[in-house]
Amino acid sequence: MTKAVLKSGVAIVALSMSHTGLAFAQGGHDDAALAKYEGILYTNYGSLDAFYGSLDAFWGSLDAFYGSLDAFDGGRLNPHYGNLDAFGDLNAQYGSLDAFYGSLDAFYGNLDAFYEHLDAHWGSLDAFYGNLDAFYGSLDAFWGSLDAFYGSLDAFYGSLDAFETPDTLKKDIRALVKQSREAFGDAVKAETGQSIDKAIFRPLMKKYGLKPNLSNFHELKPQDAALMVIELNDTLMLFTGLDHVDHWMGAIGWSPSLSYEVGAGEGVRIGIIDTLISEAAEENFNQITTAKGFRAENQQHGAAVAALINANHDGYGVMGVAPEAALSFYNPFDETLTTNWQDVTRAVTKAARESRGNADVINLSLGTPGWTLHQDWTQVFANNVIRRKASDVVFVKAAGNSGVAQSEDIEWGKIDAHNRLLIVGSVNPSGEISAFSNRPGDACLLTKGVCEPENLLMNRFLVAPGELLLSSDNAGGVTRVTGTSFAAPLVTGAVALVQGNWPWLKSHPEETADIILQSATDLGDPGVDSTYGWGLLNVDAALEPLDPNNLTVQTANGTVSYASLGGTTNGVISLAGSGVSLTFIETIGETYRDFTVELDGTSLEGDPEAVQDTETEAYLSSRASGTTLSLSQTVSDSQFLGFTDGLYVGGGTFGDEKSRWLLSIEANRHAPDQVLDIDAVPFQTTSTLVNNETGLTLRFGQGESALNFSGNGTFGMLSDHDVQTGGVNPLLGLASGGTFASALIPVDNRLVVGVGITATTERQGFIDAASGEFRASFADVADYQASAINFHARYLLSDRVDLTTSYTQLHETTGLLGTQGAGAFALEGGATTDAVSLGADAFLHPSLTLSASATFGRTQGGDFDQSVLSVAEDGLTSTAFQITAEKLGVFGKADRLRASIAQPLHIENGDLAVTSMQVIDRETGELGLVTNHASLDQDARRMVSELLYSRPLADGRGSMSAFSQLDTGDTATTGGEMVVTNGMRFTISF
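Note that this is a predicted model, so its numbers are computed, not measured.

Caption draft 1: Structural detail: the overall build of the protein. Across its full length, the protein carries 32 helices and 39 strands. For the protein, the proportion of its 990 residues judged to be buried stands at 55%. Considering only intrachain contacts with a sequence separation of at least 6, the fraction spanning at least 24 residues in the protein is 68%. When the accessible surface of the protein is split by element, carbon and sulfur atoms take 52% of a total near 38900 Å².

Laid out in structure tokens, this is it:
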């Protein structure tokens, strides 16, 4: 049978290793063998000249291979091993790998940097992807810090000048050998029964023609010295008890933890059109369902390709991109190591209709010399069986190793396979196109002679690392391989990860291919170009949204885009730690992907000028601007009444002698965080009318009504009723700040009952002092609106003790217990809270008063039409309490001391329902509304304690106040940290 010459499209530089050192397989590499099959070609790394004839002839020059010798082993080793930034930018991905592996703590030490912490991947995905520490444990004990071993290879290679100083190099080599003995000596001895010198160093030095005392080291060529270090590294990695780490991993944004976080390709079937693997190599794979086709000895190509796709993560050897995918092998290469289009078509057909399940992706690491995509591929893709059975298959094809840019167009006809075809070129460790790699050029897939722009070959092209990749040698060991054949399986593995994470994409191969292409890292000219196509494979990006602005959250009543997603303000309600996720939908072509992110990251970011950064800042603002003294019209020490936020302004009487009304007006400062128009009156007022005949008391005004409704003697400060700092009916405090009115009716000499109403509208922002314009703190957050009705009673139990009780009904129009939201988290449906408060005052001494208050509330949610949030059916329960003691005459007649401890409003139990469209069948991708529950139970009970001291100065014309606050904190207010704040304030009047 006449064979057309189809090659693998690759060249392999193979280095096989065993636990007894390095053994190099010998093989022919003459022109005749190369013409027949570019698959497995071996070389002894000792002399690259023998394999490549002239480095210039194969690679262009050594400069073209790795930039320059300075870049490879001189200078700073940046592109290859020194500082791995250029090698694959592993610093950003894996910690710091400077100086070959720098400190391996960052890579394997504490695996947080490499294996566990993927915050940068989605924001915070710890709970979404779990914690994979248990997968690799903590390897600190094993690796410790290998700085001592690898230290800085800069010191070893320094620069090319260093190669001209034999004494310096001998010293560095000896140091390297010494450090290797210390780090790996015991492990090598335990594994081989030989010393590290006998098992590794002596064979290695003999191989490179070095004498034991290194006296002839100056004769070693720079490239041989570099290869010797690579071999030493690869050999020593055999004794770590870990899978081998290689340069391509960081270059394409892949890590073993990332693979398992998305299912490792489980459920995806991969067809490999390549040589078969040996029984010795099969142990390194999880699932090989089929191995059919020609069988021949000493064929390593298929094993090397497969290992990069699917090798086990088992602590030994290489790691595959998608280790849980299932492999099916079909070998079209006969004993002459050649094949033809008929056999290739037959192999693809068998993969397409495999009895155990048709392939989802087929890897084609083969091609025709001189072509990136040969015209005759059309007869493969036009085959009737392939068109029917492989209509859902993604094809990944190696570009080939002729170093050409294709200029010849291909008549493609009506075949649609190109929409799911990925052609993969190779880049070197510096991210530059490999000299041997074919490129797409300006070739086009024609339809009746016409080239549509979208059918340019470059639009189906991307690149991946393809030089000196560590892979399987098909004999149970490892080898280094080079060629586009080994760039392609990295892309195939990425396809498997994408389809494994979103299984319904197996029915959408075109969209799958688009994800791989559109997520590639752009290289070369901006955009898709004729050399790099879409750019460098980026596995991490392929598993992320292609464009966050295209993400949506679908609710029962509509769709909210990611751009207007919104979030919640920090308040009593906090979604952090709830363990509930929000699902985003990304539309791609005719299908979609879902992305699940914890609700922890949904706090709104406010304008830094409008939002106080810390609770400490808010507290200092409050105390620095507070009056802390209650003074009458004529100020004197004897009229110092205590700690309140009110200042008596004036009053008068009217009516007849029998029924006379006493009017008093009090001015109060506004809360420090209350937003006022620039021309607004900078204080709030309370007017009080008291009838001397009936004792009826009427109050009305504008301001903090909670100060007037509480009825307790020592609770006269705004902070006592604040939802974040106080425990005196803070639910009523949420509705305070606007217009209010109340009435107190004496029933007898001991009992007084009352009723009050209050409402407030608070703007989330501030007035710009320069322009006078309002600036919102949070985008798209409505003004906070709340109202309340309050019934209360006070009973004089004795001359020294009174009791108070109250019922409050709070209605929030645009919030939930003071917390507000925007976008998908809008809380404009409001909530209603019913609360009961109990309190007492004990006048223990004319100069000592003790007050206590406790509140219990139950909240039911309103109708949050456009929100993913709603209050669960059982509602929320909350509590608050405060105890305050005030002492007059501590160090003098007029000074006062106030001590308090409060539990601000605390959620005891209750859930928020989170409803959004989610995938309810991960095989088919079926969507449905799903409701999860975010528990708001707060385990940590926040406490705020305060000590205030104040005294008049200068005969009452001034005052001095000292204050101290201890806040045990929670996540929403202080980040979970305990905060202590101290300060002093002086005032003087003239």
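Caption draft 2: Structural view of the confidence of the model for the protein. Per-residue confidence for the protein averages 76 on the pLDDT scale, and 73% of its residues sit at or above 70. Within the model, pLDDT remains below 50 along residues 1-5, and this stretch shows 17 contacts once partners closer than five positions in the same chain are excluded. Ignoring residues within four places in sequence, the model shows residues 607-613, a span with pLDDT below 50, making 15 contacts including any to other chains.

Caption draft 3: Region of the structure containing a nonpolar patch on the surface. On the surface, a nonpolar cluster with roughly 320 Å² of combined accessible area is contributed by L844, L850, I883 and I901. Along the chain, L850 turns up in strand β31 (residues 848-861). By relative accessible area, which is 34% here, L850 ends up partly exposed.

Caption draft 4: Main features of the nonpolar core. In this structure, L422, I516 and L537 are the most contacted members of the largest nonpolar core, which totals 134 residues. A per-element tally of this core places helix α26 (residues 484-501) first, with 10 residues. Not counting residues within four places of it along the chain, the set of residues in contact with I516 comprises L422, L462, V491, A494, V495, V498, L537 and A542. With 38 residues, the next largest nonpolar core counts W341, A352, L373 and L445 among its residues.

Caption draft 5: Focus on the side chain of N310. Within the element layout of this structure, N310 appears in helix α22 (residues 301-310). Under the relative-accessibility criterion, N310 is labelled buried at 0%. Among the polar contacts made by the side chain of N310, one reaches the main-chain carbonyl oxygen of A325 at a distance of 2.9 Å. Ignoring anything within four residues of it in the chain, the contact list for N310 reads N284, F285, N286, Q287, G320, V321, A322, P323, E324, A325 and L327.

Caption draft 6: Representation of the sheet that holds strand β35 (residues 911-921) in the model. Strands sit in the order β32-β35-β36 across an open sheet of three strands; the sheet is antiparallel. Each end of this open sheet is capped by a strand with a single partner; those strands are β32 (869-871) and β36 (926-935). Direction aside, neighbouring strands of the sheet carry axes that sit 35° apart on average. Alignment of β32 against β35, held across three bridges, turns out to be antiparallel. Bridge pairing in β35 places S870 opposite A913.

Caption draft 7: Representation of the sheet that holds strand β6 (residues 361-364) within the structure. Strand order across the open sheet formed by seven strands is β4-β5-β3-β6-β7-β9-β11, with parallel pairing between neighbours. Of all strands in the sheet, those with a lone pairing partner are β4 (287-293) and β11 (461-465), marking the two edges. Put simply, the sheet's adjacent strands are angled 25° from each other on average, direction ignored. With five bridges joining them, strand β3 (residues 269-273) and strand β5 (residues 326-331) adopt parallel strand pairing. Pairing of R269 across the sheet is with A326, part of β5.

Caption draft 8: View of the state of the cysteines. Counting across every chain of the model gives one disulfide. Linked covalently through their sulfurs, C444 and C451 form a disulfide whose S-S length is 2.0 Å. Between C444 and C451 the disulfide shows an S-S torsion of about 90°. By sign, it is right-handed. By relative accessible area, C444 is classed as buried at 1%. A relative accessible area of 33% places C451 in the partly exposed class.

Caption draft 9: A look at the pattern of salt bridges. Within the structure shown, the criterion is met by 16 salt bridges. The closest approach of N and O atoms between D720 and R898, which form a salt bridge, is 2.7 Å. Placement of D720 in the loop between α30 (706-709) and α31 (730-733) and of R898 in strand β34 (residues 896-909) is noted, with a sequence separation of 178 residues between them. Taking the relative accessible area as the measure of exposure, D720 reaches 2% and is therefore buried. On the basis of relative accessible area, R898 is assigned to the buried category, the value being 1%. In this structure, the salt-bridge partner of E886 is R896, at a minimum N-O distance of 3.1 Å. Residue E886 is located in strand β33 (residues 876-888), and its partner R896 is located in strand β34; the two are separated by 10 residues in the primary sequence. There is no split in this pair, since E886 and R896 are both buried. In this structure, a network of salt bridges that share partners links the residues D234, D246 and R480.

Caption draft 10: Fine view of the pairing of strand β27 (residues 784-796). In this structure, strand β24 (residues 751-762) lies alongside β27, joined through 12 bridges in antiparallel fashion. From the neighbouring strand, V752 faces β27, where its bridge partner is R794. In this structure, β27 lies alongside strand β28 (residues 801-812), joined through 11 bridges in antiparallel fashion. Bridging from a neighbouring strand, A793 pairs with T805 of β28. The hairpin formed by β27 and β28 contains four residues between the paired strands.

Caption draft 11: Molecular detail of helix α27 (residues 509-518). Taking burial as the measure, the 10 residues of α27 include seven buried ones, the bulk of the element. Regarding α27, the residues found buried are P509, E511, T512, A513, I515, I516 and L517.

Caption draft 12: Region of interest: the environment of Y260. Positionally, Y260 belongs in helix α20 (residues 256-261). When its relative accessible area of 25% is taken as the criterion, Y260 is described as partly exposed. In this structure the C-alpha to C-alpha distance between Y260 and H313, which are 53 residues apart in sequence, comes to 10.0 Å.

Caption draft 13: Local environment of the packing of aromatic side chains. Taken as a whole, this structure holds eight aromatic pairs when the rule is applied. Ring-pair connections join several aromatic residues into one group, and the members of that group are W341, W377, F381, F395 and W412. One Lys or Arg, K207, reaches over the ring of Y208 and ends 4.0 Å from the middle of that ring. Between the NZ or CZ atom of R593 and the centre of the ring of W502, over which it lies, the distance is 4.6 Å.

Caption draft 14: Focus on a positive patch on the surface. Judged by side-chain charge, K292, K350, R353, R388 and K389 come together as a positively charged surface patch. Within the fold, R388 resides in helix α25 (residues 384-389). Taking relative accessible area as the criterion, R388 reaches 55% and is therefore assigned exposed.

Caption draft 15: Quick peek at unusual backbone geometry. Even without being glycine, A264 reaches a positive phi, approximately 60°. With respect to the element layout, A264 can be found in the loop between α20 and β3. Even without glycine at this site, K448 takes up a positive phi of about 55°. In this fold, K448 is placed in the loop between β10 (445-446) and β11. Relative accessible area serves as the criterion here: at 72%, K448 is assigned to the exposed category.

Parameters at a glance
- Residues numbered from 1 in each chain as written.
- Predicted model: local features only at pLDDT ≥ 70, side-chain atom pairs only at ≥ 80, totals over all residues.
- Heavy atoms only, no water.
- Helix = DSSP H or I, 4+ residues; strand = E, 2+ residues; numbered from the N terminus.
- Buried < 20%, exposed > 50% of the residue type's maximum accessible area, 1.4 Å probe, protein only.
- Contact = heavy atoms within 4.5 Å.
- Areas by Shrake-Rupley, 256 points an atom, 1.4 Å probe, with all protein chains shown as cover.
- pLDDT = per-residue confidence, 0-100.
- Patch = residues over 30% accessible without salt bridge, like charges linked within 9 Å, V, L, I, M, F, W, Y side chains within 5 Å.
- Salt bridge = Lys/Arg side-chain N within 4 Å of Asp/Glu carboxyl O.
- Core = buried A, V, L, I, M, F, W, Y, C linked by side-chain atoms within 4.5 Å.
- Polar contact = N/O pair within 3.5 Å; in protein donor to acceptor, adjacent residues only side chain to side chain.
- Pairing = 2+ DSSP bridges.
- Axes fitted to C-alpha atoms, helices over the stretch in contact; angles between N-to-C directions.
- Disulfide = S-S within 2.5 Å.
- Phe/Tyr/Trp six-rings, centres within 6.5 Å; stacked < 30°, edge-to-face > 60°.
- Lys NZ or Arg CZ within 6 Å of the ring centre and 35° of its normal.
- Lys, Arg positive; Asp, Glu negative; His and termini not counted.
- Charge placed at Lys NZ, Arg CZ, Asp CG, Glu CD.

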